[in-house]
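Geometric and topological summary
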Amino acid sequence: IGLLTAATVMVGQADVMKGYINVSKPLIIAVMLAIPSLITMFGNKYATSLNQLIMTLVTLTFVLLFGKASFKGTNSGDLDFNLKHLDFNDLLKSSFITIFAFNGFQSIVQLSEEAKDKNDVPKSIVSSVSFATLVYVLITVSVISLIGLNSAAGSVSPIGNAFGVNFGDNGKNIVNVLTIA
C-alpha cells in the first residue's frame, strides 16, 4: 500500500509541476525521488529541520486558508449536504482518496510497543482520525467557499486556486510549491 500510495502522490505532484516546467513526468518523478535521498545523505538533523520548516509553513497556510474563507468566501451556497443528490459512484471514487489520510496511522499502532499504557493506543488512533477528519473538512469547505464547487472539482490544484483568489498567481504558486514539498 505504501508503494502504491507514494507512486500516486508522485504522479499527482508531477501533474502540478508540469504546469510550471516542460519536462516529462518520468523525469520529474525521478528528480522528486532523488531529492529526499540527497537530503537524507546530509544527515537526519537536516532532514528533521527541513521537515519541521515545511510542516510549519503548511500549518500557517491552512490557518490562512481557513481565515480567508471565513471572511472572504462567497461560494458557500455551493455546499449542498442534501443526500438526495448523492451519487454512489462518486462516493466510491472519493473513498479511495481517503487512503492518503490514513496512510500514516499504522505508525501509531507500531509505536504501541513503546506506550507506557496500552489504553493510550486506541485513544491516539481515535483522536488522530478525528483531528485529520476535521482538518480535511475545513480545507474542503474553505476551498469550495473561495472558488466554488465546480472549479474545485475540475482543478488539479484546488488549494492553490483558492489562494489565487485573494493573492493572485503568487499565492497560487507559493501554495503549489508547498504542496510539492
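The structure reproduced in this document is the subject of the present report.

Calculation rules
- Residues numbered from 1 in each chain as written.
- Predicted model: local features only at pLDDT ≥ 70, side-chain atom pairs only at ≥ 80, totals over all residues.
- Heavy atoms only, no water.
- Helix = DSSP H or I, 4+ residues; strand = E, 2+ residues; numbered from the N terminus.
- Contact = heavy atoms within 4.5 Å.
- Areas by Shrake-Rupley, 256 points an atom, 1.4 Å probe, with all protein chains shown as cover.
- Core = buried A, V, L, I, M, F, W, Y, C linked by side-chain atoms within 4.5 Å.
- Buried < 20%, exposed > 50% of the residue type's maximum accessible area, 1.4 Å probe, protein only.
- Expected span 1.5 Å × (residues − 1).
- Polar contact = N/O pair within 3.5 Å; in protein donor to acceptor, adjacent residues only side chain to side chain.
- Salt bridge = Lys/Arg side-chain N within 4 Å of Asp/Glu carboxyl O.
- Axes fitted to C-alpha atoms, helices over the stretch in contact; angles between N-to-C directions.
- Parallel < 35°, antiparallel > 145°, perpendicular 65-115°, else oblique.
- Left-handed = near helix turned anticlockwise from the far one by under 90°.
- Phe/Tyr/Trp six-rings, centres within 6.5 Å; stacked < 30°, edge-to-face > 60°.
- Lys NZ or Arg CZ within 6 Å of the ring centre and 35° of its normal.

Check the secondary structure of the protein chain and you find eight helices and zero strands. Listing every helix and strand of the protein chain by position from the N terminus yields α-α-α-α-α-α-α-α. Looking at the protein chain alone, contacts between residues at least 24 apart form 55% of all its contacts between residues at least 6 apart. Surface summary for the protein chain: the accessible area is close to 12,600 Å², and the carbon and sulfur share equals 66%.

Among the nonpolar cores identified, the biggest contains twelve residues, and these are L65, F66, A69, V135, I139, V143, L146, I147, A152, A162, F163 and V175. In terms of residue count, the dominant contributor to this core is helix α6 (residues 120-147) (five residues). In this structure A162 touches L65, V143, L146 and I147, once residues within four positions along its chain are discounted. Formed by six residues, the second largest nonpolar core is a distinct cluster that contains M10, A14, I29 and M32.

Moving on to helix α3 (residues 44-72). For α3, built from 29 residues, the straight-helix expectation of 42 Å at 1.5 Å per residue is met to within 8% by its first-to-last C-alpha distance of 41 Å. Along α3, the residues classified as buried are I54, V58, T61, L65, F66 and A69.

This brings us to the side chain of T61. In this structure, T61 sits in helix α3. A distance of 2.7 Å separates a polar side-chain atom of T61 from the backbone oxygen of L57. The contacts of T61, once residues within four sequence positions are left out, are F163, V175 and L178.

Let us now look at the pattern of salt bridges. According to the stated counting rule, one finds one salt bridge in the structure shown. One salt bridge in this structure joins D15 and K25, with 2.8 Å as the shortest N-O distance. With D15 in helix α1 (residues 2-18) and K25 in helix α2 (residues 25-42), this pair connects stretches of sequence that are ten residues apart.

The next point concerns the packing of α3 against helix α8 (residues 158-180). Direction vectors running N to C along α3 and α8 enclose 170 degrees, while the axes themselves pass 12 Å from each other. With respect to their mutual orientation, α3 and α8 come out roughly antiparallel. Here the hand of the crossing between α3 and α8 comes out left-handed. On α8, the residues that touch L57, T61, F62, L64, L65, K68 and K72 of α3 are I159, A162, F163, N166, F167, V175 and L178.

To describe a pair of aromatic rings, you give the distance between the ring centres and the angle between the ring planes. In the structure shown here, the tally under the stated rule is two aromatic pairs. On the basis of an interplanar angle of 20 degrees and a centroid distance of 6.3 Å, the ring pair of F62 and F66 is categorised as stacked. Taken together, the positions of F62 and F66, both in helix α3 and four residues apart, correspond to about one turn of that helix. Geometrically, the ring pair formed by F163 and F167 is stacked, given 5.8 Å between the ring centres and 20 degrees between the ring planes. Here the residue F163 and the residue F167 both occupy positions in helix α8, the gap between them amounting to four residues, near one helical turn. Using a relative accessible area of 6% as the deciding quantity, one classes F163 as buried. Above the face of the Y46 ring, K45 is positioned so that its terminal group lies 5.6 Å from the ring centre.

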